[in-house]
Amino acid sequence: MPPREGTYGLLAEFDTPSDLVRAAQQARKDGWRRLDCYTPYPVEEAAEAIGFHRNKVPLITLIGGLMGLAAMFALETWISVLAYPLNIGGRPLYSWPAFIIPAYEWTILWAGLSAAFGMIALNGLPALYHPLFNAPNFRDGATVDKFFLCLEALDPKFDRAETKKYLETLHPVSVVEVEY
Amino acid sequence: MATSEVEKRDPGVDPKTGEFRVVGLSQTFKSVTDEITRIVLTPNTPLGWFAILSVAGALATVLLTAVCWLFLKGVGIWAITQPVAWGFAIINFVWWIGIGHAGTLISAILLLFKQGWRNAISRFAEAMTIFAVVCAGMFPLIHVGRPWVAYWMLPLPFTMTVWPQFRSPLLWDVFAVSTYATISVVFWYVGMIPDLGTFRDRSESKLAKYVYGMFSLGWRGSVRHWMRYETASLLLAGLATPLVLSVHTVISFDFAVAVLPGWHTTIFPPYFVAGAIYSGFAMVLTLAIPLRKAYHLEDLVTERHIDNMGKVMLATGFIVAYGYGMEVFMAWYSASHWEAFMMWNRMFGPMGWSYGVLVLCNLAIPLTTLWVRKLRTNIAFMFFISIVVNVGMWFERFVIVVTSLYRDFLPSSWGTYRATKWDYMTYVGTLGLFTFLFLLFVRFLPMIPMNEIKMLLPQAKIKPKEAVGAGD
């Protein structure tokens, strides 16, 4: 658990995505590892810049989809062969071609739900409180038209005064301290 | 398909490609946000909104009345009987589901094809999908006769140990439509989370802050979150694409698996899917044209969008035309007496007028005029065409359901079909319900995805080589 008091990090504000990406690349190059960018829309270059390349959402989706497929196909087989065998026009009890369709739908259903809820869970949401919302300029801009770089206090390189000076060299619009 | 930066000449047309711009010139991150948030985050609701809402609400009440009476009296109040056992309920079910399909097409398939122009219309097309599925899903439930035991359709462990029959297309429908409804809602909601975050940050009232804050799940726009979000959106789009194709395919199986002439045909799945997209795009136009006018969104839903939707309608319209042609051809080529009679009866029998309406509305009017770019960019004309196609596609389902059923194999069992006032009330009522839900959506939720529009702006291009601090 991170400390619940003191400084969460230092937040630098930028006006354009290009400025943010350059600053993030520089910070990463200078050895910062506990850092994050905040943008009003997906900026892939910024994620690359802070070294975030891959995520687990596809894997979760695949597992979910396969589970849906297996669950429905097994359910259909069990019902039609064992639990409630019905003679429908002389077709075999194990009519696997007909079973494909509900199993196909459930593959998509489970995969889709896994993708959505997996993404939300990996993002640590819902998180209605976050220290960043304490920053005076964050809520005005982060979801509208401003681009932020946050160097977090958990980074071993972090020092309130030194880091502030360092961030100023990246030409931000402003640098503010974020409290827990 | 991003807009390219060029000097201003004709404001609507990009001189490099000769195409219409997707986003109007002079839009910025801020102006996009303002333009979309001001529709929702204002205490002043336009009077027109209340006027239309009350009309739609009144119609929804008509639906409620019709359904209450139906529950009291049973499906006998509808015109369904032998030989036409599937009447308005199934026509409306197929029509509404079809309308929903264009929403998924725009939000999912066009996303996979990287068609940036779809961003502006994707959100309300998805909303349209959900409300159309709400209207559609109701029909089979109230059509079963005993809606209070509709849960028997699900594989649930009852004390009677009765289980569903998985070889029937009607049961496949249950899974197809319920999956479609769920995935559409999830896709729609996931897409809205960041925009709800914008609303949370921009709203003045405490209640709005609280409610949008809850529903935005505390979204703060971290790029790590955005990347997972983008992956999930792409995956959902990739999943929704085969889903939407399968849903109307399964619905067409309801017909195609039967042995009835006019239903028992292999062309049904592709022809149903194409027809669904055809009518769905028409409905998107029917909604988009008044909306962009009422809320002054001409800069975000441009002529380019209208033009492109016209092109999609032209293409899918021709697939539908091919389907009609193939049905006629097969009636002759099969050398089946019943097939040939069905087709003759469909065209020239006592209900031949409905086939005439279908040909006029789905083929004659749109497929001759949509070739012309001047007409495709004429907003009033496109609105007219959209209504025509909606009517035509309703009649397509009418033709399929009624004219195949009312004169089948034995002349002694022939009958006719005349809808009762309860049929009409239920149908008109769903139009009211749909409009009612859509108006609520427009008033309280972001109808245009802000974050997706921002990605299309020229300012969003990253220019790494410029001097640090230079403005874009």
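Residues numbered from 1 in each chain as written. Chains lettered and ligands numbered in written order. Predicted model: local features only at pLDDT ≥ 70, side-chain atom pairs only at ≥ 80, totals over all residues.

K.L.:
I'm lost on the overall build of chain B in this one. Help?
P.N.:
What chain B contains, in helices and strands, is 16 helices and 2 strands. Its C-alpha atoms give chain B a radius of gyration of 24 Å, within 12% of the compact-globule value 23 Å for 472 residues. A principal-axis box enclosing the C-alpha atoms of chain B has dimensions of 85 × 55 × 40 Å. Relative to its full complement of 472 residues, chain B shows a buried share of 48%. (Helix = DSSP H or I, 4+ residues; strand = E, 2+ residues; numbered from the N terminus. Rg over C-alpha atoms; globule rule 2.2 N^0.38 Å. Buried ≥ 20, exposed ≤ 12 C-beta atoms within 10 Å, placed from the backbone.)

K.L.:
Honestly, the interface of chain A and chain B in this entry has me stumped. Any pointers?
P.N.:
It is common to give the size of an interface as the accessible area lost on bringing the parts into contact. With 64 residues of chain A at the interface, the matching set in chain B holds 59 residues. Taken together, the elements giving at least two residues each to the side of chain A that touches chain B come down to α1 (17-29), β2 (35-38), α2 (44-49), α3 (57-83) and α4 (96-122) of chain A. No other element matches the 17 residues that α4 of chain A contributes to the side of chain A that touches chain B. Classifying every residue of the side of chain A that touches chain B by side-chain character gives 42 nonpolar, 12 polar and 10 charged. (Contact = placed C-beta atoms within 7 Å. Nonpolar A, V, L, I, M, F, W, Y, C, P; charged D, E, K, R; others polar.)

K.L.:
Hey, could you run me through helix α14 (residues 379-405) of chain B in this one?
P.N.:
Residue pairs three or four apart in sequence face the same way in an α-helix, which turns once every 3.6 residues. Residue and element names in this part refer to chain B. Between its terminal C-alpha atoms α14 stretches 39 Å, which fits the 39 Å expected from 27 residues at 1.5 Å a residue. Most pronounced at Val399, the bend in α14 amounts to some 25°. For α14, the buried fraction is high: 19 of the 27 residues fall into the buried class. (Expected span 1.5 Å × (residues − 1). Bend = angle between axes of the 7 residues up to and from the residue.)

K.L.:
Please explain the confidence of the model for chain B as it appears in this structure.
P.N.:
Residues shown with low pLDDT carry predicted positions that ought not to be read at fine detail. All names here are of chain B. Counting all residues, the mean pLDDT for chain B is 85, and 93% of those residues have values of 70 or more. The weakest mean pLDDT in chain B belongs to strand β2 (residues 19-20) at 55; the strongest belongs to helix α11 (residues 352-364) at 92. Counting contacts from residues 467-472, a segment whose pLDDT is below 50, to residues more than four positions away or on other chains yields 10 contacts. (pLDDT = per-residue confidence, 0-100.)

K.L.:
What exactly am I supposed to notice about the domain arrangement of chain A here?
P.N.:
Looking at the assigned domains, one finds that chain A contains domain 1 (7-54 + 131-179) and domain 2 (57-122). Relative placement of domain 1 of chain A and domain 2 of chain A: their C-alpha centres are 45 Å apart. (Domains from an automatic or database assignment.)

K.L.:
When you look at the sheet that holds β2 of chain A in this model, what are you seeing that I'm missing?
P.N.:
The pairing of strands in a sheet comes from backbone hydrogen bonds and takes either a parallel or an antiparallel form. Residue and element names in this part refer to chain A. Pairing is antiparallel across the open sheet formed by 4 strands, whose spatial order is β2-β3-β1-β4. Strands at the two margins of the open sheet, each flanked by one partner only, are β2 and β4 (174-179). Taken over all neighbouring pairs, the strand axes of this sheet differ in orientation by 25° on average, direction set aside. In the sheet, β2 pairs with strand β3 (residues 147-152) via 4 bridges, with the strands oriented antiparallel. In the strand pairing of β3, Asp36 is matched with Cys150. (Pairing = 2+ DSSP bridges. Axes fitted to C-alpha atoms, helices over the stretch in contact; angles between N-to-C directions.)

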